[in-house]
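So you can see what is in the structure, the chains are spelled out below.
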Number of protein chains: 2
Amino acid sequence: MSTSKLAIIAGLFAFACSRPGAEQQTGGSMTTSKTHEYAIVIHGGAGTILREEMSPEKEAAYKAALNAALDIGEKILKDGGSAMDAVEQTIRSLEDNPLFNAGKGAVFNHDGKNELDASFMDGATRNAGAVGGVTIVRNPITLARAVMEQSPHVMLTGRGAEAFAIENGIDTVAPSYFFTQERWDALQRAKAVEKQKESESGMPAKANHKMGTVGCVVRDKQGNLAAGTSTGGMTNKRWNRLGDSPVIGAGTFADNNTCAVSCTGHGEFFIRYVVAYDVAALMDYKNLSLEDATHTVVMDKLVKAGGEGGLIAVDKNGNVAMPFNSEGMYRGYSRPGERVVEIYK
Amino acid sequence: MSTSKLAIIAGLFAFACSRPGAEQQTGGSMTTSKTHEYAIVIHGGAGTILREEMSPEKEAAYKAALNAALDIGEKILKDGGSAMDAVEQTIRSLEDNPLFNAGKGAVFNHDGKNELDASFMDGATRNAGAVGGVTIVRNPITLARAVMEQSPHVMLTGRGAEAFAIENGIDTVAPSYFFTQERWDALQRAKAVEKQKESESGMPAKANHKMGTVGCVVRDKQGNLAAGTSTGGMTNKRWNRLGDSPVIGAGTFADNNTCAVSCTGHGEFFIRYVVAYDVAALMDYKNLSLEDATHTVVMDKLVKAGGEGGLIAVDKNGNVAMPFNSEGMYRGYSRPGERVVEIYK
């Protein structure tokens, strides 16, 4: 073989290795030689995160919140805990933090209320639970898990889901618990924009696609995968709209044989493109690596469709992927000896 | 080649040709030589349909209803109408017929109310609309289509979906419109069984998986696909439970590049196995024929998981499939010169 050909091949390998999570992958099929003992990946939403609107203090606060959430999940995993426990507890931490659009900090709908959605999936059994439009549940991710474990159903909504929460001893709060000034102001701005657009065009304005969903995917020491997603949805949303977050297959999916996925972005596109399951299907049916499958869905299919957002994913070997086609995505992951927390590209 | 080998090969071909919809398919990849000008497929639910409980009069009534629904859709298609119009009008006919668990004839929930779900998808654009838990909308399939065409959202639920219906001039009725004595009696029986099981085991009984969802998938003369599904859900359901029918990817999916699918069965399994989209993924990523993809999902994956039910599907060439793993499924299809209406295996 000539020296120039060797140089080209060496260059291709260097390129492959420069893509995060692709250390042991070549040519589209996953040939991972190393299995990470555990891996936890989180997101705090994708969207227009402008550097000029972000103070150093605010950026530090976001990074601290992401690190604190990862700490909680990683401790569970180090101690041999389950992927499901790590997902639930990590997301609870993000739900309790008003920086994120989930739990405390959820956006307001058109009627000035907070309606929360969440879903949860166990990769070992493909059991799943989801709730849509709850207004009095402090941690919707815990309710989603309870739906999976304590009911014969997968998806409960509205007042019914709340009744189930009360019957099962899930923590409830007064709806006012979810009030934050920043989200309230965001609703007023969205309504002002909407009013202006309506008076200009005579047509109702499109809803404001405020993002900030949270999610977590995990591979535990036992090799089990789990995924969860929680959100307040879109600012100024109407008509009890549900996005992709409470939809298994769209916003959340987990199967030990392929991967665990949690999405964030313009939910309508993620539903129509069955995004979370599509990653798993590309791995299962086309033998793509996690890196290539997630890249295909987020950077090719969703971009062509006009669907803004991103996702986090982990496979059975602990490879991770965090692609997004928006300006930024709050995200991070931990594996033994590794910790990454990022906001921008 | 020996005569015996030839006989075996001939036998294999005869077997392949004996499977409905497999006329032009061999070896797992779709090599259809003929394109049907149009095709419409419907179902009226899968489940335990016992011959001994079915009088000749009742069977005739079901078959007449299925034929009448096919007549409506087929006329639209013969006249060059769109797949979407055919799906909507055909499902409206099934919704208006009290024999089926959708629209008039929907089952009762635990609180003695009728909560209706539906979804609709356009294969040309992958636009979609869905509604969950509406109680005053006469034809939920029409509302699902309106959500797709008149809102920026895909999925609306409960009172919000009803407010959207009223704002958009969709026909509403008093909740009492949905009362039928047969479904009311079914609820009383389900509650009696539940009470007995609880007193025996001390545990809440599993909900009764009454089936009877309706659906329609179409390939029109322009080559466009569309799919729709409508249901009253499960008798005695609680907590504003949603099944797979209003979930795009689970109960309904359509994409001109692959197929249109509508499901019926134990919805929780269909959500967890993302059934409707899985058929499309197997065709797209593994190059399976419609027949092989639907068979893999319904007769292999769902059977292993314990998920009872079936689905109807049509591909871009007008091939049709109607597999089910339950005792029966009300079903039928029409293509130029062909009409099939069946209940049992």
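Summarised in this report is the structure supplied together with it. Just so it is clear, the structure is predicted and the values come from calculations on it, not from any experiment.

### Quick notes on the packing of helix α2 (residues 56-78) of chain B against helix α3 (residues 83-95) of chain B
Residues and elements named next belong to chain B.
Here's step 1: Put simply, α2 and α3 touch, their axes get as near as 8 Å, and they point 160° apart. In terms of their interaxial angle, α2 and α3 are classed as roughly antiparallel. Seen along the crossing, α2 lies across α3 with a hand that is right-handed. On α3, the residues touching Ala65, Leu66, Ala69, Ile72, Gly73, Ile76 and Leu77 of α2 are Ala83, Asp85, Ala86, Gln89, Thr90, Ser93 and Leu94.
Here's step 2: Within the contact of α2 with α3, the residues separate by chemical class into 9 nonpolar, 4 polar and 1 charged.

### Considering the relation of the copies chain B and chain A
Here's step 1: Rotating chain B by 180° about the axis while translating it 0.0 Å along that axis superimposes it on chain A, leaving an RMSD of 0.0 Å. Seen this way, the second copy is the image of the first under a two-fold rotation axis. Closest to the rotation axis within chain B is the C-alpha of Tyr285 of chain B, separated from it by 2.9 Å.
Here's step 2: A share of 100% of interface residues in chain B that are also interface residues in chain A marks the association as one of identical surfaces.

### A closer look at unusual backbone geometry
Residue and element names in this part refer to chain B.
Here's step 1: The phi dihedral of Val274 falls on the positive side, at around 40°, and the residue is not glycine.
Here's step 2: Structurally, the position occupied by Val274 is in the loop between α7 (267-272) and α8 (275-286).
Here's step 3: A positive phi is found at Asn287, a non-glycine position, where the angle reads about 60°.
Here's step 4: Secondary-structure assignment places Asn287 in the loop between α8 and α9 (290-305).

### Concerning helix α8 (residues 275-286) of chain A
All names here are of chain A.
Here's step 1: Look at α8: 16 Å from first C-alpha to last across 12 residues, which is about the 16 Å you get at 1.5 Å a residue.
Here's step 2: Burial analysis of α8 places 10 of its 12 residues in the buried class, which makes it a mostly covered element.
Here's step 3: Considered for burial, the residues of α8 that qualify are Val275, Ala276, Tyr277, Asp278, Val279, Ala280, Ala281, Leu282, Met283 and Tyr285.
Here's step 4: Note on α8: the residue one or two positions beyond its end, Asn287, has a positive phi of about 60°.

### A look at the pairing of strand β6 (residues 225-231) of chain B
All names here are of chain B.
Here's step 1: Within β6, 7 of the 7 residues are buried, leaving the element largely enclosed by the surrounding structure.
Here's step 2: Residues Leu225, Ala227, Thr229 and Thr231 point to one face of β6 and Ala226, Gly228 and Ser230 to the other, with burial holding for every one of them.
Here's step 3: Judged from the 6 bridges that link them, strand β2 (residues 116-122) and β6 form a sheet pairing that is antiparallel. Looking at β6, one finds that Met121 is bridged to Ala227.
Here's step 4: Bridge count between strand β5 (residues 214-219) and β6: 6 bridges; the pairing is antiparallel. Paired with Arg219 across the strands is Leu225, a residue of β6.
Here's step 5: The antiparallel pairing of β5 with β6 creates a hairpin that spans 5 residues between the two strands, and Gly223 there sits at a positive phi of about 90°.

### Observations regarding the nonpolar core
Here's step 1: The biggest cluster of nonpolar side chains holds 102 residues, and the ones touching the most others in it are Met155 and Tyr277 of chain A together with Met155 and Tyr277 of chain B.
Here's step 2: Look past the residues within four positions of Tyr277 of chain A in its chain and what remains in contact with it is Arg126, Gly249, Phe253 and Tyr285 of chain A together with Val274, Tyr277, Asp278 and Lys301 of chain B.

### Observations regarding the side chain of Arg219 of chain B
Residues and elements named next belong to chain B.
Here's step 1: Counting through the fold element by element, Arg219 comes out in strand β5.
Here's step 2: At 5.7 Å, Asp220 is the nearest oppositely charged side chain to Arg219, a buried residue that forms no salt bridge.
Here's step 3: A distance of 2.7 Å separates a polar side-chain atom of Arg219 from the backbone oxygen of Lys316.

The rules behind the values
Residues numbered from 1 in each chain as written. Chains lettered and ligands numbered in written order. Predicted model: local features only at pLDDT ≥ 70, side-chain atom pairs only at ≥ 80, totals over all residues. Heavy atoms only, no water. Axes fitted to C-alpha atoms, helices over the stretch in contact; angles between N-to-C directions. Helix = DSSP H or I, 4+ residues; strand = E, 2+ residues; numbered from the N terminus. Parallel < 35°, antiparallel > 145°, perpendicular 65-115°, else oblique. Left-handed = near helix turned anticlockwise from the far one by under 90°. Contact = heavy atoms within 4.5 Å. Nonpolar A, V, L, I, M, F, W, Y, C, P; charged D, E, K, R; others polar. Least-squares fit on C-alpha atoms with pLDDT ≥ 70 in both. Expected span 1.5 Å × (residues − 1). Buried < 20%, exposed > 50% of the residue type's maximum accessible area, 1.4 Å probe, protein only. Pairing = 2+ DSSP bridges. Core = buried A, V, L, I, M, F, W, Y, C linked by side-chain atoms within 4.5 Å. Lys, Arg positive; Asp, Glu negative; His and termini not counted. Salt bridge = Lys/Arg side-chain N within 4 Å of Asp/Glu carboxyl O. Polar contact = N/O pair within 3.5 Å; in protein donor to acceptor, adjacent residues only side chain to side chain.

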